[in-house]
Amino acid sequence: MIIQQEFSLTSEDMIDVTAIGESLVQFNPTEEGPLRHVHLFEKHAAGSESNVIIGISRLGFKTAYITKLGRDELSKFILTTLRGEGVDVSGIRQMEGKNCGIFIVQRGYPIHDRSDVIYYRSDSAARYLSPQDLDANMIKDSRILHISGITPALSDSCREMSLEALRIASGAKVKISFDTNYRKKLWSVEAARPTLIDMARQSDILLTDPDDAKILMGRKVDDDPIKALDELEKLGPSTIVYKLGASRGLAGLSNGEKATSLPAKVPLVDSIGAGDAVVAGFLAGYLAGDSLQRSLDVASCCSALTVMRRGDFENLPDRSDLEKWLDARERGFDVDFR
Ligand code: KDG
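First things first, this report covers the structure right here in the doc. Treat the numbers as computed from the prediction; the structure is a model and nothing was measured.

### Observations regarding the overall build of the protein
Along the protein, the regular secondary structure elements total 12 helices and 14 strands. Here the C-alpha radius of gyration of the protein, 19 Å, is about what a compact globule of 338 residues would show, namely 20 Å. For the C-alpha atoms alone, the extent of the protein along its principal axes is close to 50 × 50 × 45 Å. Sequence-distant contacts, at least 24 apart, represent 72% of the contacts inside the protein between residues at least 6 apart. Summed over its atoms, the accessible surface of the protein is roughly 14600 Å², and 49% of this surface lies on carbon and sulfur atoms. In the protein, the 42 positive side-chain charges and the 50 negative ones have mean positions that sit 3 Å from each other.

### Points about the pattern of salt bridges
For the structure on display, the rule yields 20 salt bridges. The partner of Asp116 in a salt bridge is Lys185, and the shortest N-O contact between them spans 2.8 Å. Of this pair, Asp116 sits in strand E8 (residues 115–120) while Lys185 sits in the loop between strand E10 (175–179) and helix H6 (189–202), placing them 69 residues apart in sequence. With a shortest N-O distance of 3.3 Å, Arg329 and Asp297 are connected by a salt bridge. With Arg329 in helix H12 (residues 319–330) and Asp297 in helix H11 (residues 292–306), this pair connects stretches of sequence that are 32 residues apart. The exposure class of Arg329 is partly exposed, given its relative accessible area of 22%. Here Asp297 falls in the buried class, since its relative accessible area comes to 18%.

Cut-offs used in this document
- Residues numbered from 1 in each chain as written.
- Predicted model: local features only at pLDDT ≥ 70, side-chain atom pairs only at ≥ 80, totals over all residues.
- Heavy atoms only, no water.
- Helix = DSSP H or I, 4+ residues; strand = E, 2+ residues; numbered from the N terminus.
- Rg over C-alpha atoms; globule rule 2.2 N^0.38 Å.
- Contact = heavy atoms within 4.5 Å.
- Areas by Shrake-Rupley, 256 points an atom, 1.4 Å probe, with all protein chains shown as cover.
- Lys, Arg positive; Asp, Glu negative; His and termini not counted.
- Charge placed at Lys NZ, Arg CZ, Asp CG, Glu CD.
- Salt bridge = Lys/Arg side-chain N within 4 Å of Asp/Glu carboxyl O.
- Buried < 20%, exposed > 50% of the residue type's maximum accessible area, 1.4 Å probe, protein only.

This is the structure in structure tokens:
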């Protein structure tokens, strides 16, 4: 079954996906352990929605991004990264006197295989995003608007902007993709719940995981992912991607059809960005009119590649690497490149 047939024929000028969110610079240590005792850091451009938009761009789609950056060197780094990845950056505003947000990753400590994040973003330029910063025509000219539950957590004006973006998109019949992305370091469950529910109800494509599903439903959802999908469907979205982590993979639903995709066993270096990789891969499948199964498999490939190195998006595949990976997976990764 083809999961997406409802797009009208798109003109050359149409944007496939516009995303809105905060981009940050990530400092990721070259060794595991407590930050007190690590010495060297790599610098990466990151931020959930910008990871997603880069992933979709790499898979051949026309993309645009809306955010606010400063005029500092790290903001320029983010801007040139996005531009270099083929994302339309004309919707990005640069604010005098503020810098972009930063976060530092602590890997493998105190829990093996887990990454923690420390944010330095409370007065970042993106925190000052407001409805006036939205390019309504950019949203209206898109096939999909992608947004996550991080943005409304940043400030009141970011919350207003997020809801306004959804209003513009639904008024123009643009599909809304919403990743719940609850971040406990940004707001409490009680503060987040009404907004996340509101945004999930307005979305066409909902991407979430068991912890966030509990916030949406106000109770623990069924352990069986297929039953959990039935529960989540009652919120309204016709397409749902349920992210079950490195050991269980993905489950998905589209217009009543359900499918699962098992995770590939890969060496885990840094799990940050895995969820965004799922979103990028899935939306690329959705846009291409792929089957639900293939869209989940593409998502699974993107997330497997992402966790194999530091940085959130650098390992995301282009079309040719994606096809190589999917083909190799079918053969149990028994490949010979000679
Ligand atoms: O999904 C990865 C993101 O968590 C990371 O890039 C930082 O956007 C970020 C956030 O707000 O946590």
